[in-house]
Amino acid sequence: MELGDRPGPGSVPGLTSATPKPGQEPSRGAEAGTPAPGALGDRRFLLCLYLVGFLDLFGVSMVVPLLSLHVKSLGASPTVAGIVGSSYGILQLFSSTLVGCWSDVTGRRTSLLVCILFSALGYLILGASTNVFLFALARVPVGIFKHTLSISRALLSDLVSEKERPLVIGQFNTASSVGFILGPMVGGCLTELDGGFYLTCFICFSVFMLNAGLVWLFPWSDIKVNNTKNGLRLGKNRALSGKTDYEVQEGSPTPGSTAHGKPAGPPWTEVVSTLRVMRTLLFSDMWDILLVRLLMAMAVMLYYSNFVLALEERFGVSPKTTGYLISYSSALGALAGCALGPIMRLYGHDSHRILLHSNTLTFLLLLLYSAARTMAAVVLSSTLLSFSTAIGRTCITDLQLTEGGARSSGTLIGVGQSVTAVGRIVAPLLSGVAQEVSPCGPPSLGAALALVAIFVMSLNSPRRGGTGSDRLKSE
């Protein structure tokens, strides 16, 4: 079965249908209008990927809320704790693009397994950390290799058509968000036990090893990944990265050769070539998309940066109650993925317009939260923000892949993660300065950044005229 073609009637939602080759008779299932056995197998493959996303965030979210308490218990000063905490974002900044590019060259299966195993090693070291040095050392493999979700999204992009991609990525984000909701509750219960942090880290390590086992047992031979269909594009469908189209079986290229019979060059030459292409894209077609991603990521980070402290100072809300509100918002954000399909159909699969409207709603809600005088207004803004930000994250990823093409989806998603990592480094600094003015300073600054993102999208919308459906027909 070849994936990447447009879905036809009777196809499995979120997957492209199996189309018989010339001279090949269709299967009986296809004649009867029912999904072919291969389509059902590919659907199971997608569900396995959703499970990987769930387990990944479930394991991580058990540990992350406890990191600040643990490093403080090791005797680290606030300054040292801040430096160690920022090391993760700095490592992600440099590793995201490189790991994404590496996954395009070596294949999704190999890169996914390596990233999961090294992340598991990091959490195992973290569970054995009895001093600040070991704590900092444990963050290194996690900071470099914690790209499971990015590679999984790239693999999803390889598996489905462009039209179905936002829906499938939205469902993947929903499954991952459920893990992020359950993880902190499990970690909070475990940390109350004697040696609870070390037990939590060991369970997180076990979850990652389980994830690696699932990826190893995936039915890779039952799918055919066509992740080279469009190539990296500049302007209107001008290919930039390589001139060969080849299909990747079992998630990796055939060793030593391409589909055209030419010997493959050394892996590092492909990496350098892809990075050069990405530099061209950054300074041409994709600069506005990445700038919008950075601005909106910083806006949301500023909103959450002092959320607990601001509610306590403004309304006298206890941290426990604020925690319930955060869990409530996370649950709604997970449900937003289920609403993405109807929204995409309502907008005619125009991701740019959906993103513009979701960013506008985010801007208005940040203003409402900043000026709120009652908890009812805070709950309302928090409720709607969970929807607007979840939909916005999916659409910005889809726009990146649409503009860049499916040839190097891992590199494209990696660049997006590097941009987000820049926000993780800058947002805490801006939040600290804004809090000197007022507890409402960080969300107010976030609203200003969201407004800039809206202006950037509005100024560049004519270049992407037409709906997503029109683009699909033109290709």
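Residues numbered from 1 in each chain as written. Predicted model: local features only at pLDDT ≥ 70, side-chain atom pairs only at ≥ 80, totals over all residues. Heavy atoms only, no water.

Remarks on the overall build of the protein chain
In step 1: Counting its secondary structure elements, the protein chain contains 18 helices and 4 strands.
In step 2: In the protein chain, which comprises 475 residues, the proportion classed as buried is 51%.
In step 3: In the form shown here, the protein chain has an accessible surface area of approximately 20900 Å², with 67% of it arising from carbon and sulfur atoms. (Helix = DSSP H or I, 4+ residues; strand = E, 2+ residues; numbered from the N terminus. Buried < 20%, exposed > 50% of the residue type's maximum accessible area, 1.4 Å probe, protein only. Areas by Shrake-Rupley, 256 points an atom, 1.4 Å probe, with all protein chains shown as cover.)

Remarks on the packing of helix H11 (residues 287–305) against helix H14 (residues 351–370)
In step 1: The geometry of H11 relative to H14 is characterised by a closest axis approach of 12 Å and an angle of 30 degrees between their N-to-C directions. Viewed along their axes, H11 and H14 adopt a mutual orientation that is roughly parallel. In this structure, the crossing between H11 and H14 has a hand that is left-handed. Two secondary-structure elements touch here, H11 through Val292, Met296, Ala299 and Tyr303 and H14 through Leu355, Asn359, Thr362, Leu366 and Tyr369.
In step 2: Tallied by class, the residues present in the contact of H11 with H14 amount to 7 nonpolar, 2 polar and no charged. (Axes fitted to C-alpha atoms, helices over the stretch in contact; angles between N-to-C directions. Parallel < 35°, antiparallel > 145°, perpendicular 65-115°, else oblique. Left-handed = near helix turned anticlockwise from the far one by under 90°. Contact = heavy atoms within 4.5 Å. Nonpolar A, V, L, I, M, F, W, Y, C, P; charged D, E, K, R; others polar.)

Digging into a nonpolar patch on the surface
In step 1: A surface patch of nonpolar side chains, amounting to about 340 Å² of accessible area, comprises Phe118, Leu121, Leu124 and Phe202.
In step 2: Turning to its location among the elements, Phe202 is positioned in helix H9 (residues 196–217). (Patch = residues over 30% accessible without salt bridge, like charges linked within 9 Å, V, L, I, M, F, W, Y side chains within 5 Å. Salt bridge = Lys/Arg side-chain N within 4 Å of Asp/Glu carboxyl O.)

Remarks on the environment of Phe208
In step 1: Along the chain, Phe208 turns up in helix H9.
In step 2: Not counting chain neighbours up to four residues away, the residues in contact with Phe208 comprise Asp56, Val60, Ile116, Ser119, Ala120, Tyr123 and Lys146.

Focus: the nonpolar core
In step 1: Core analysis: the biggest nonpolar cluster contains 49 residues, and Val63, Tyr123, Leu126 and Val215 have the highest contact counts within it.
In step 2: Taken together, the elements giving at least two residues each to this core come down to helix H2 (37–63), helix H3 (67–73), helix H4 (78–106), helix H5 (108–127), helix H6 (132–145), helix H7 (148–159), helix H8 (165–191) and H9.
In step 3: Top contributing element to this core by residue count: H2, with 11 residues.
In step 4: Not counting residues within four places of it along the chain, the set of residues in contact with Tyr123 comprises Val60, Val63, Arg139, Val142, Cys201, Cys204 and Phe208. (Core = buried A, V, L, I, M, F, W, Y, C linked by side-chain atoms within 4.5 Å.)

With respect to the packing of aromatic side chains
In step 1: One pass over the full model with this rule turns up 9 aromatic pairs.
In step 2: Ring centres of Tyr303 and Tyr304 lie 4.7 Å apart, and the angle between their planes is 70 degrees; this geometry places the pair in the edge-to-face category.
In step 3: In this structure Tyr303 comes out as buried when scored by relative accessible area, which is 2%.
In step 4: Cluster of aromatic residues (ring-pair linked, three or more members): Tyr303, Tyr304 and Tyr369.
In step 5: In this arrangement the basic side chain of Arg314 is found over the ring face of Tyr369, its NZ or CZ atom lying 5.3 Å from the centre. (Phe/Tyr/Trp six-rings, centres within 6.5 Å; stacked < 30°, edge-to-face > 60°. Lys NZ or Arg CZ within 6 Å of the ring centre and 35° of its normal.)

Looking at the pattern of salt bridges
In step 1: Tallied over the full model, the rule gives 5 salt bridges.
In step 2: Ionic pairing is found between Asp398 and Arg165, a salt bridge with its closest N-O pair at 2.9 Å. With Asp398 in helix H15 (residues 375–404) and Arg165 in helix H8, the pair connects residues that are 233 residues apart, well separated along the chain. Comparing Asp398 with Arg165 shows no difference in burial state: the two are buried.
In step 3: Several salt bridges converge on common partners, so that one network encompasses Asp104, Arg108 and Asp158.

Observations concerning the UniProt feature "transmembrane region" (unreviewed entry) in the protein chain
In step 1: Mapped onto the present numbering, the UniProt feature "transmembrane region" (unreviewed entry) falls on residues 45–67, 79–100, 112–138, 197–218, 286–305, 325–348 and 360–380.
In step 2: The span residues 286–305 is 95% helical and 0% strand by assignment, and the distance between its end C-alpha atoms comes to 28 Å.
In step 3: Strand forms 0% of residues 360–380 and helix 81%; the C-alpha atoms that close the span are 16 Å apart. (UniProt positions renumbered as here; feature names shortened; annotations may be inferred.)

So, the environment of Ser86
In step 1: Within the element layout of this structure, Ser86 appears in helix H4.
In step 2: With 339 residues separating them along the chain, Ser86 and Ile425 place their C-alpha atoms 6.6 Å apart.

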